Amino acid sequence: MHTVDSHVTGGTGPGGPGEHRSARDRLRSRLRVRSVAGQVFLWLLVVVVLLVGAALTTLILQARNYATSDAVHRTRAAAVTLAQVPTVVDALGSADPTAVLQPLALDITKKGGFDYVVIASPEGIRYAQTAQPELIGQRLIGPYQPALKGPITISFTAPIGRVVESSAPVTRPDGSVAGLVQVGYTVAHAGSAVSGQLPVLFGGAVAAFAVGAGGAVLVRRRLRRQTHGLGPAEMTRMYDHHDAVLHAVREGVLIVGGDGRALLANDEARRLLELAPEVEGRPVTELGLDPGLAELLVSGRAATDEVHLAEDRLLAVSSRPTAPFGGGPGSVATIRDTTELRALAGQAEAARARLKLLYDAGLRVGTTLDIVRTAQELADVAVPRFADFVTVELAEAVLRGDEPLPGTGVAGGPRIRRVAADGIREDRPFYPVGSQISPLPGTPEATALGSGRASLVADLRQAHAWWARDPQTADRILAYGVHSLVSAPLKARGLTLGTVTFWRAGESAPFGPEDVSFAEELVARAAMCLDNARRYTREHRMAEALQRSLLPRGLPEQNALAVAYRYLPAQRGVGGDWFDVVPLPGFRVALVVGDVVGHGLHAAATMGRLRTAVLNFAALDLPPDELLGRLDELIARLDQGEAGEGEGDIEGEGELAIAGATCLYVIYDPVSGHCAMARAGHPPPALVRSDGSVEFVDLPAGPPLGVGGLPFESTELQLEPGTALVLYTDGLVTGRERDLENGLAALHRSLADAHADRSPEEICRAVFDALVPSRPSDDIALLVARTRLLAPDQVASWDVPDDFAAVSRIRNACTDQLTAWGLEELTFTAELILSELITNALRYGAQPIHVRMLRDTSLVCEISDASSTAPHLRYAATMDEGGRGLFLVAQLAERWGTRYTARGKVIWSEQPLTAPEFQFEAMLL
């Protein structure tokens, strides 16, 4: 009883066995690792310790092997090298080898760090011994004879440690053995270097252990974060929960291994793909899936929402490889049923495509202001994205730029013309472009034109009115496979310009009600572009008509120059280039070429004003530089007046100021061959000599007209008969791809290539062929004039002395000249004119006085004197004795006038070569 009590007391009291058991349990619970992270940490720590120990052991063994190998290599190399030294060979054959060899051996031993060096004779007698010099002269111990046949290396244990000894024979030049060299080295010496590295090795081992342990700690922490400190039981329970969720979701999950076999499929994947119950482990290619889907699952490639067909379902499949995310080779695919979503997405995609088509139409339709090209752009943009074929018809008036007439396109009204067509095939069965169409009542075109809204025909086989318009063509269209159409009117600003018809054929879906509104929107946008092109065409035609009316209709008759010209307006619009050939008194001729900056009505109107001003100034018979000066002043006044008036004008009329103009003015005299010219900012004229040489006249450029502030300078030349004057505007020599310098060089080449005997017309043709592009960006005017001289027998001249009695002599000489010319019927009138003009010159003029008569297309009488005072025509009173002379001249001559020269003036009169009937009777009436 006592024992039992004692046992119980000892089991529960302090220091008893129960207390020791609880301490052991607590220690066990601490040592026991429950979490996966802790178990992995212990395992990694053990692995690191084992790897570090193995690495350290391997390094020590490698160090020992390295020491032995290093001793072998060093002694062998030293022995062989010393044996081949000529000094050794010579010393072995000398009377006292030790005297030479012993210092050499000591030097080798010291520098090489060897333990000893021995040099002996073939019989083994030592001649040199570094370790124990007292052994010199004694025989070697041990078998040395094998070393006499070649180098050998042996190792043995000596009191100083493990020794490696290499021996090598010393041979004479004849090949006989002269002696033996032995080099010894203690392995411990080589190992000392390795031993010095042992702290480093141990330090590296400690560092490796620290890194490994740290890595294990990091892995433990990372795994602990990933597993949240859970143990195997907890992870198993969590896996069960995840498995339940995996099969409960409404999205299919299919995991495929790297060998192409199915590893896992949840319930939704089995339902969507209609898989068998035992699918795990079977090849995916044997599951009866769509080939495209099977290929995706086996390939392992990444995919996002790829659509595949499974029976009547559209499945969106996303696939990702598992290897990059910590899994083994293979892939995981998620599968969603998108059949209904795909239908909605198709509608959204169709709407997006139509919006994109409208956007593209805004960019591609109306790139130019050409009506036909704009219509063709509309047809091109709708094929094939909206229709398989498109035809565009416009009213005839629209093509001319006019507004369409009422009733256009209806039966009995003005017809419409097909101007554009496009389609997916070239062999279209429709009326060709250029055909006139008159829709019958009830046809889609007539319905669209009448209602102003698009007309839909979903099935052309049921469109009897359309078929009745032209049964033969309708049958051909139906046989071609065209099955539906939408016809929409082209309406802009309340005007119906024409119609656009969209056609679908073949496998394309027929047009539906949703296509009608889109067709109206597309056509409405194109109609605005077409109306802009129509209005531009109208303005362009008006500008062209204005320009044609302002340009010369033909060249005046004159014999001083043989003239040809070319004029080509720009493709983009009417410009302001002009030219003129102006006959002047004395059979002289003025050539004018000018250019107004810009295009359009303003440029054409400005050109007309400048041309009129030049003609008026030319009638004053001004020299070229003075004419350009007056023209410059006129433009400056016009600009100022228009700018002032435009300040309060409607429509901005003040903006019509002349932006810039250039001009070249040339006067040629066929009597003397004298030519005077001046230019205002215009390209210089070219001269083609009779010998074929070409040059540009060195003519001062002068500022453009309207700039003001600088005078114009003229140049005077003496031209031979047959010289060609070439005047042009800058559009001939400049362009987008050619500057002025290159253009002038090209003009020079083209003129040089033309033969000197070519006519002006042929020169114009050659220059245009060489320089003018197919679509010039600027107006081009070219004027070629070949000079002529009056024959000597067409000119008669006399000097008039300062004596009134000379008047009769000059008059008689003129009468004789007229008789010689066969102009006797002009004698009386010519005598009266000359008498009056010579008398006026003697009375009011100054010497010298000169009389000249010219005969060409008319008779010209000229009286020049050194006075600048011009006579004036006036009406004499009844009792006046004078004042009737110039009146008679004006009545008898066809024209008369005064021109000023550098040394005075010239009064001239011009008469026709045939006297008019009843001339004097008309004077009396």
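Coordinates for the structure precede this section.
Residues numbered from 1 in each chain as written. Predicted model: local features only at pLDDT ≥ 70, side-chain atom pairs only at ≥ 80, totals over all residues. Heavy atoms only, no water.

Draft legend 1. Here's a closer look at the nonpolar core. Ranked by internal contacts, the top residues of the largest apolar core, which has 48 residues, are Trp578, Leu591, Tyr665 and Leu725. Here this core takes 7 residues from strand β20 (residues 661-668), the largest share from any one element. Setting aside anything within four residues of it in sequence, one finds leucine 725 in contact with Leu591, Val666, Cys675, Met677, Ala686, Leu687, Leu719, Leu783, Val784 and Ala785. The next biggest cluster of nonpolar side chains, apart from the first, holds 39 residues, and it includes Val381, Ala382, Ala395 and Leu490. (Core = buried A, V, L, I, M, F, W, Y, C linked by side-chain atoms within 4.5 Å. Buried < 20%, exposed > 50% of the residue type's maximum accessible area, 1.4 Å probe, protein only. Helix = DSSP H or I, 4+ residues; strand = E, 2+ residues; numbered from the N terminus. Contact = heavy atoms within 4.5 Å.)

Draft legend 2. Structural view of the pairing of strand β2 (residues 126-129). One ladder, built from 3 bridges, connects strand β1 (residues 116-120) with β2; its direction is antiparallel. By the bridge assignment, alanine 120 is partnered in β2 with arginine 126. Hairpin remark: β1 followed by β2, antiparallel, with 5 residues in the connecting loop; positive phi at glycine 124, about 95 degrees. (Pairing = 2+ DSSP bridges.)

Draft legend 3. Layout of the packing of aromatic side chains. All chains considered together, the criterion is met by 9 aromatic pairs. Ring geometry for phenylalanine 389 versus tyrosine 480: centroids 5.7 Å apart, planes at 70 degrees, classification edge-to-face. Of the two residues, phenylalanine 389 sits in strand β11 (residues 389-395) while tyrosine 480 sits in helix α16 (residues 471-480), which places them 91 residues apart along the sequence. Side by side, phenylalanine 389 and tyrosine 480 carry an identical accessibility label, which is buried. (Phe/Tyr/Trp six-rings, centres within 6.5 Å; stacked < 30°, edge-to-face > 60°.)

Draft legend 4. Expanded view of the sheet that holds strand β8 (residues 303-310). Read across the sheet, 5 strands follow the order β7-β6-β10-β9-β8 without closing on themselves; strand pairing throughout is antiparallel. Lying at the two open borders of the sheet, with one neighbouring strand each, are β7 (262-265) and β8. Going from strand to strand, the sheet's axes swing by 25 degrees on average, the running direction of each strand aside. Sheet topology note: the strand β9 (residues 313-321)/strand β10 (residues 330-337) ladder contains 7 bridges and is antiparallel. (Axes fitted to C-alpha atoms, helices over the stretch in contact; angles between N-to-C directions.)

Draft legend 5. The arrangement of the pairing of strand β19 (residues 589-596) in detail. In terms of burial, β19 is largely enclosed, as 8 of its 8 residues are buried. Here β19 shows two buried faces, one formed by Val589, Leu591, Val593 and Asp595 and the other by Ala590, Val592, Gly594 and Val596. Bridge analysis of strand β18 (residues 578-583) against β19 gives 6 bridges, and the strand direction is antiparallel. Bridge assignment links valine 581 to a residue of β19, and that residue is leucine 591. Counting the residues that bridge the hairpin from β18 to β19 gives 5 residues, and of these glycine 586 lies at a positive phi of roughly 75 degrees.

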